[in-house]
Amino acid sequence: MSVKVLYAGNPAQWPVYDAELSGALADLGITAHLSPDIAATDVDYIVYAPNGPVQDFTPFTRAKAVLGLWAGVEKVVGNPSLTQPYTRMVDDGLTEGMTEWVTGHVLRHHLGMDTYIHRTQPIWNCPAPPLARDRTVGVLGLGALGATAAQALRALNFNVVGWSRTPKQIDGVESFSGEAGLQTVLGCADILVLLLPATAQTKNLLNAVRFAQMPKGAVIINPGRGPLIDDVALLAALDAGQIGHATLDVFRVEPLPDDHPYWAHPNVTVTPHIASDTRPATAARVIAENIRRGEADEPFLHLVDRAVGY
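Notes on the structure in this doc start here.

Following glutamate 254, the chain continues to proline 255 via a peptide bond in cis, the omega torsion being -5°. Considering the arrangement of structural elements, one finds proline 255 in the loop between strand E11 (243–248) and helix H8 (261–264). You will see that asparagine 157, though not glycine, has its phi angle at about 85°, which is positive. Relative to the helices and strands, asparagine 157 is located in the loop between helix H4 (144–155) and strand E7 (159–164).

Below you can see the structure in the form of structure tokens.
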């Protein structure tokens, strides 16, 4: 009997997902009918992205799970029609892409590359940057993405400290949790990387009070979620010199409006939500494995706990 899998992601990506998912399912010996057009009552699994056509999950009475293509879940986890198990995307492509983006921008700020790239006059006789071992990088959020990025930074010899909602053990990374732990990390981070999920508890986590707790001139790097930062407070901290620079990849409103102050601020770098993206070739393997697990009555990978929001 064929498993019926509805593709409900971005329609423009259907051709590539058709090929990748078909191959991944076949490799696991799963016979599947994969299509963006299946009667709701016949669907066994939904491959889903918030920018796809499905917003109401109520008609999918037979679906065993909704398999998300995005790492973030804030656009779907509060949907009252979603009663099926929901899994988020955690795959090698996302993790590797995020780690490369984070380490690249940490090194950019650590080495002061902008001084030379954006110079308007000849520059010589500048002091050398400190060694990585003398620079502290804080990572807020130690899930799959944050933990891997933290380990990569530690491998480059940075002093890495991390913070998460619950205690974590990561080789080479001093990890903290709780309010006191957050203050400890903020107080020593020369460069702060934000990789927390967007929840009610993390909204505006970085605000005027928290910016004031950081070393003067510290750098903020946010490839996590836009609502983590109080934008007004960040702009004020940048203007006052309390925060030296902010490199931002995610925003409350995307695309970032043309008239937003971040575009024109001399100490803000905007990148257009490119830190990491779901790559069909690697994502298809995760989706196929979860379908195999569903058919074998095994626990799904990366199941979202809707009570905590991720």
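Following the structure, the description resumes.
Summed over all chains, the structure comprises 10 salt bridges. A salt bridge links glutamate 74 to arginine 225, with the shortest nitrogen-to-oxygen separation between them at 2.9 Å. In this pair, glutamate 74 sits in the loop between strand E4 (65–68) and strand E5 (86–87) while arginine 225 sits in the loop between strand E10 (218–222) and helix H7 (231–240), placing the two residues 151 residues apart along the sequence. You can call glutamate 74 partly exposed: its relative accessible area is 35%. With relative accessibility at 18%, the residue arginine 225 sits in the buried group. Among the charged side chains, a network of salt bridges with common partners joins Glu289, Arg292, Arg293 and Glu298.

This part covers the environment of serine 175. Following the sequence through the fold, serine 175 ends up in strand E8 (residues 174–177). Take serine 175: its relative accessible area is 24%, and that puts it in the partly exposed class. Taking the C-alpha atoms as reference points, serine 175 and valine 185, separated by 10 residues in sequence, lie 8.7 Å from one another. Not counting the four nearest positions on each side in its chain, serine 175 is found in contact with Leu142, Gly162, Lys168 and Ile170.

Moving on: the packing of helix H2 (residues 92–111) against H4. If you want to describe how two helices pack, look at the angle between their axes and the distance between the axes. Relative orientation of the contacting elements H2 and H4 amounts to 45°, with a least axis distance of 9 Å. Of the possible angle classes, the one that applies to H2 and H4 is oblique. Judged by the sense of rotation from one axis to the other, the crossing of H2 with H4 is right-handed. Contacts from Leu94, Thr95, Met98, Thr99, Val102, Thr103 and Val106 in H2 reach Ala144, Leu145, Thr148, Ala149, Ala152 and Leu153 in H4. Looking at side-chain class alone, the contact of H2 with H4 contains 9 nonpolar, 4 polar and no charged residues.

One can find proline 11 in the loop between strand E1 (3–8) and helix H1 (14–27). Classification of proline 11 by relative accessible area gives exposed; the value is 55%. Taking C-alpha positions, proline 11 is 6.6 Å from glycine 52, a pair spaced 41 residues apart along the chain.

So, on to the sheet that holds strand E2 (residues 32–35). Pairing in this open sheet of 5 strands is parallel, and the strands run E2-E1-E3-E4-E5 from one edge to the other. The open sheet terminates on both sides in strands that have one partner only, identified here as E2 and E5. Set on the sheet, H1 makes contact with E1, E2 and strand E3 (45–48); between it and E2 the angle comes to about 170°.

Moving on, we come to H4. Helix length check: H4 (12 residues) gives 17 Å between terminal C-alpha atoms against 16 Å at 1.5 Å per residue, within 8%. All of the buried residues in H4 are Gly146, Ala147, Ala149, Ala150 and Leu153. The buried residues of H4 occupy one face: seen down the axis, they fall within an arc of 165°. Tucked inside the fold, the buried residues of H4 contact H2, strand E6 (136–140) and E7. Immediately beyond the C-terminal end of H4, within one or two residues, lies asparagine 157, with a positive phi of roughly 85°.

Basis of the calculations
Residues numbered from 1 in each chain as written. Predicted model: local features only at pLDDT ≥ 70, side-chain atom pairs only at ≥ 80, totals over all residues. Heavy atoms only, no water. Helix = DSSP H or I, 4+ residues; strand = E, 2+ residues; numbered from the N terminus. Salt bridge = Lys/Arg side-chain N within 4 Å of Asp/Glu carboxyl O. Buried < 20%, exposed > 50% of the residue type's maximum accessible area, 1.4 Å probe, protein only. Contact = heavy atoms within 4.5 Å. Axes fitted to C-alpha atoms, helices over the stretch in contact; angles between N-to-C directions. Parallel < 35°, antiparallel > 145°, perpendicular 65-115°, else oblique. Left-handed = near helix turned anticlockwise from the far one by under 90°. Nonpolar A, V, L, I, M, F, W, Y, C, P; charged D, E, K, R; others polar. Pairing = 2+ DSSP bridges. Expected span 1.5 Å × (residues − 1). Arc of directions from axis to C-beta.

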